[in-house]
Amino acid sequence: MLEPALLPTPLVDCTDEAYARAGVELRLKRDDLLHPTVPGNKWRKLAPNLAAAVEQGHTRLLTFGGAYSTHLRAVAAAAGALGLESVGLVRGEELADRPRNWSLRAAEAAGMRLEFLTRAEYREATGRAEGEHGTDALLRRWGPCLVLPEGGSNALAAVGAAAIPAELPGLGERDVVCCPVGTGGTLAGIAAGLPAGARALGVAVLRGGEGYLEAEVTRLHRAAYGRGFDNWRIDHAHHGGGYGRVPAELAAFAERFERRHGIPLERRYVAKLLAALADLTADGAFPRGTRLTAVVTGLPDPR
């Protein structure tokens with residue numbers, strides 16, 4: 001059985017002197033505490049997909065991820081708890097014969113079967129390359145299964161993430177709800193779930209995502225709700241050099257934040273989000289009276 005989630009997740013005030021001088025409030029939505037094995041936005045995006053898998057009689061889940069993918073670990077844990085098989089297609093064939101890192105070990109320990117693909121094979125499998133769509137080929141290779149996209153972001157995932165604003169009482173015109181953006185599902189859900197006047201801000205964690213990520217969020221909105229939303233935007237200036245990269249300046253920022261507030265930060269997504277909000281606040285990007293709610297989407301890597 002899958003353990004129940006902690007809902008609603010805690011909301012913590014983290015306003016410090018720099019934010020106070022700018023007349024801006026900062027609070028954290030602690031989704032990192034949501035579930036012990038399927039934490040943060042992974043639970044919110046996976047829960048409706050898992051319900052659909054069980055309802056439709058699927059016995060196998062198949063999905064994609066990199067060497068340290070939180071999504072792979074989350075799918076493995078959730079599938080195992082529900083008695084489902086899981087297959088993870090991993091980007092990087094060179095990893096097949098190497099000792100497993102801590103993340104891939106955890107996925108295998110939860111019962112996931114891993115298959116390692118070249119970069120070209122991975123692009124084709126995820127359906128981003130020209131030619132045959134990945135899902136059709138995967139069904140022929142693996143048999144009946146529910147195929148979850150990279151990062152778990154699909155229409156059902158967006159609907160799951162739309163519950164986040166409902167746990168934030170009193171949202172209005174002064175509110176900006178913020179999250180890191182990898183595949184767009186969480187931002188799409190937050191924007192769709194906001195009341196009139198409130199806005200959503202995503203911080204891209206990958207380099208070169210201008211236009212692509214906006215198109216993905218728009219696609220998810222149309223798939224889930226049949227329409228677009230105009231209450232969101234994505235910041236592309238705080239990716240830290242690219243996906244998975246944590247430059248020294250970002251690591252130092254995260255350490256200072258942890259010392260000041262006593263909250264451990266995941267580096268590749270959450271630290272980039274909070275560093276972006278600090279920079280934007282210092283630059284006067286938010287009017288005085290703005291209340292920022294940053295969604296902590298995941299746990300730090302083990303140290």
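Preceding this section is the structure that the text describes.
Counting restarts for each chain: residues are numbered from 1 in the order of the written sequence. Since the coordinates come from a predicted model, pLDDT governs what is reported: local features require at least 70, and pairs of side-chain atoms require 80 or more to be given and counted, while whole-chain, interface and lining totals use all residues. Hydrogens are left out, water is left out, and the side-chain values use all remaining heavy atoms of the structure.

### Description of the overall build of the protein
(1) Moving on: A run of H or I in DSSP counts as a helix once it spans at least four residues, and a run of E counts as a strand once it spans at least two, with each numbered from the N terminus. From N to C terminus, the protein includes 12 helices and 10 strands.
(2) Moving on: Each radius of gyration is computed over the set of C-alpha atoms, and the globule rule expresses the reference value as 2.2 Å times the number of residues to the power 0.38. In terms of overall size, the protein behaves like a compact globule, its C-alpha atoms giving a radius of gyration of 19 Å where 303 residues would be expected to give roughly 19 Å.
(3) Moving on: Overall, the protein is about 60 × 40 × 40 Å in size when its C-alpha atoms are taken along their principal axes.
(4) Moving on: Counting over 303 residues, the protein shows a buried share of 52%.
(5) Moving on: Partitioning the contacts of the protein with sequence separation of at least 6, the portion at a separation of at least 24 is 73%.
(6) Moving on: In this description, accessible areas are obtained by the Shrake-Rupley approach with a 1.4 Å probe, and a residue is regarded as covered only by the protein chains that are shown. Split by element, the accessible area of the protein, about 13400 Å² in all, is 52% carbon and sulfur.
(7) Moving on: In this tally, Lys and Arg are treated as positive and Asp and Glu as negative; His is ignored, and so are the chain termini. To locate a charge, the coordinates of NZ of Lys, CZ of Arg, CG of Asp or CD of Glu are taken. In the protein, which carries 36 positive and 35 negative side-chain charges, the distance between the mean positions of the two groups comes to 2 Å. Burial classes follow relative accessibility: with a 1.4 Å probe on protein chains only, a residue under 20% of its type's maximum area counts as buried, one over 50% as exposed, and anything between as partly exposed. Whether two residues touch is decided by their heavy atoms; if any such pair falls within 4.5 Å, the residues are in contact.

### Let's talk about the pairing of strand E5 (residues 112–117)
(1) Moving on: Of the pairings in the sheet, the one linking strand E4 (residues 85–91) to E5 comprises 6 bridges and is parallel in character. From the neighbouring strand, Val 90 faces E5, where its bridge partner is Phe 116.
(2) Moving on: With the strands pointing away from the viewer, any crossover whose connection runs clockwise from the first strand over the helix to the second is right-handed. In terms of handedness, the path from E4 via helix H4 (residues 102–109) over to E5 forms a crossover that is right-handed. Two strands are counted as paired when DSSP detects at least two bridges linking them.

### A short note on the sheet that holds strand E3 (residues 60–65)
In a beta sheet, neighbouring strands pair by backbone hydrogen bonds and run either parallel or antiparallel.
(1) Moving on: The 4 strands lie next to each other as E5-E4-E3-E6, forming an open sheet whose pairing is parallel. The sheet terminates laterally at E5 and strand E6 (146–147), the two strands that pair on one side only.
(2) Moving on: In the sheet, E3 pairs with E6 via 2 bridges, with the strands oriented parallel. Its bridge partner being in E6, Leu 62 is matched across the sheet by Val 147.
(3) Moving on: Seen against the sheet, helix H3 (residues 70–81) touches E3, E4 and E5 and runs at an angle of roughly 165° to E3. Axis definition: a line fitted to C-alpha atoms, over the contacting stretch in the case of helices. Angles run 0 to 180 degrees between N-to-C directions.

### Re unusual backbone geometry
(1) Moving on: With an omega of -10°, the peptide bond between Leu 7 and Pro 8 qualifies as cis.
(2) Moving on: Along the chain, Pro 8 turns up in the segment before strand E1 (11–13).

### A few points about the environment of Asn 231
(1) Moving on: Here Asn 231 is to be found in the loop between helix H10 (212–225) and strand E9 (232–235).
(2) Moving on: By relative accessible area, which is 15% here, Asn 231 ends up buried.
(3) Moving on: When the C-alpha positions of Asn 231 and Ala 196 are compared, they lie 8.7 Å apart, and in sequence the two are 35 residues distant.
(4) Moving on: Whenever two N or O atoms come within 3.5 Å, that pair is a polar contact, provided that in protein one can donate a hydrogen and the other can accept it, and provided that, for residues adjacent in sequence, both atoms are side-chain atoms. Of note is the side chain of Asn 231, whose polar atom sits 2.9 Å from the backbone oxygen of Ala 191.

### Some thoughts on the nonpolar core
(1) Moving on: In this text, buried Ala, Val, Leu, Ile, Met, Phe, Trp, Tyr and Cys residues form a nonpolar core when linked through side-chain atoms within 4.5 Å. Leu 26, Leu 28, Phe 257, Leu 274, Leu 277 and Leu 292 are the most contacted members of the largest nonpolar core, which totals 27 residues.
(2) Moving on: Counting residues per element, the ones that place at least two in this core are strand E2 (25–29), strand E7 (175–181), strand E8 (199–204), helix H11 (248–261), helix H12 (267–282) and strand E10 (291–295).
(3) Moving on: Here this core gets 8 residues from one element, more than from any other, and that element is H12.
(4) Moving on: Here Leu 292 is in contact with Tyr 19, Val 24, Glu 25, Leu 26, Arg 27, Val 176, Cys 178, Leu 277, Thr 281 and Phe 286, once residues within four sequence places are set aside.
(5) Moving on: By size, the runner-up hydrophobic cluster in this structure holds 25 residues, among which are Leu 50, Ala 78, Phe 116 and Leu 148.

### Some thoughts on H3
(1) Moving on: Here the expected length of a helix is defined as 1.5 Å per residue gap, with one fewer gap than residues. Helix length check: H3, at 12 residues, gives a terminal C-alpha distance of 17 Å against a target of 16 Å (1.5 Å per residue), a fit within 8%.
(2) Moving on: With 9 of its 12 residues buried, H3 lies for the most part within the structure.
(3) Moving on: Taken together, the buried positions of H3 are occupied by His 71, Leu 72, Arg 73, Ala 74, Val 75, Ala 76, Ala 77, Ala 78 and Ala 79.
(4) Moving on: In this structure, the buried residues of H3 make contact with helix H2 (40–55), E3, E4, H4 and E5.
(5) Moving on: Capping the start of H3, Ser 69 holds a side-chain oxygen 3.2 Å from the backbone nitrogen of His 71, two or three residues further along.

### Quick notes on the environment of Glu 3
(1) Moving on: Considering the arrangement of structural elements, one finds Glu 3 in the segment before E1.
(2) Moving on: For Glu 3 and Phe 64, which are 61 residues apart along the polypeptide, the C-alpha to C-alpha distance reads 24 Å.
(3) Moving on: Setting aside residues up to four positions removed in sequence, Glu 3 forms contacts with His 35 and Pro 36.

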